[in-house]
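Secondary and tertiary structure notes
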Amino acid sequence: MNRDLVLNPFLRVNFEGAEKILITAPKPHSGLQKLEISKSDDSNLFDLIADFAQTGLGFLNVEKDLSNRERELLCEREILIEPDKVQQKPLFACFLTDVDAHLTMSSILIHFS
């Protein structure tokens, strides 16, 4: 396994109550990958992700903080990826007048850069 793994920059961590975490990350040509981690099934990984979600996942040291099993699990779901597989955000633009009329402004998510 490649030791120079990085976190998928587009991953999302969602807490589902106090006992479950759902991590989602896009995988090109395969769609959204999901991994549910429960405190009862995998307390070490749950606690680790919960801690780093608060302080910043960028502080996670893949080599030191994760076991081989945890690295393999996160690689299978494209949460950890090789640096050369990091995708760039796709550029997309449209005029709001071109958006379907039944959408409301509150249902549209807009990112400015």
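In short, a report on the structure. None of these values were measured; they are calculated from a predicted model.

1. Re the nonpolar core
Nonpolar side chains tend toward joint burial in soluble globular proteins. Ile23, Ile37, Leu66 and Ile79 are the most contacted members of the largest nonpolar core, which has 20 residues in total. Within the residue set of this core, elements represented by two or more residues are β3 (20–27), β4 (31–38) and α1 (43–55). Setting aside residues no more than four positions away along its own chain, Ile37 makes contact with Glu19, Lys20, Ile21, Ile23, Asp42, Leu45, Phe46 and Ile49.

2. Some remarks on the sheet that holds β4
One open sheet accounts for three strands, arranged β2-β3-β4; its pairing is antiparallel. In this open sheet, the two strands that pair with only one neighbour each are β2 (12–15) and β4. Along the sheet, successive strands turn relative to each other by an average axial angle of 20 degrees, direction set aside. Both β3 and β4 contribute to a ladder of eight bridges, which runs antiparallel. Considered in β4, the bridge of Pro26 is made with Leu32.

3. Structural notes on the pairing of β3
Bridging between β2 and β3 involves four bridges; their strand directions are antiparallel. Its bridge partner being in β3, Val13 is matched across the sheet by Ile23. With antiparallel pairing between neighbouring strands as the criterion, β2 and β3 make up a hairpin whose turn holds four residues, including Gly17 at a positive phi of roughly 80 degrees. Count of turn residues in the β3/β4 antiparallel hairpin: three residues, of which His29 carries a positive phi of about 70 degrees.

4. Focus on unusual backbone geometry
Phi at Glu78 is positive, roughly 60 degrees, even though this residue is not glycine. Position of Glu78 relative to the elements: it lies in the loop between α3 (68–76) and β5 (80–81). Taking relative accessible area as the criterion, Glu78 reaches 13% and is therefore assigned buried.

5. Here we look at the pattern of salt bridges
Going through the model one piece at a time under the given rule, you end up with three salt bridges. With a closest N to O distance of 3.6 Å, Lys20 and Glu36 form a salt bridge. With Lys20 in strand β3 and Glu36 in strand β4, this pair connects stretches of sequence that are 16 residues apart. With a relative accessible area of 35%, Lys20 lands in the partly exposed category.

Cut-offs and rules
Residues numbered from 1 in each chain as written. Predicted model: local features only at pLDDT ≥ 70, side-chain atom pairs only at ≥ 80, totals over all residues. Heavy atoms only, no water. Core = buried A, V, L, I, M, F, W, Y, C linked by side-chain atoms within 4.5 Å. Buried < 20%, exposed > 50% of the residue type's maximum accessible area, 1.4 Å probe, protein only. Helix = DSSP H or I, 4+ residues; strand = E, 2+ residues; numbered from the N terminus. Contact = heavy atoms within 4.5 Å. Pairing = 2+ DSSP bridges. Axes fitted to C-alpha atoms, helices over the stretch in contact; angles between N-to-C directions. Salt bridge = Lys/Arg side-chain N within 4 Å of Asp/Glu carboxyl O.

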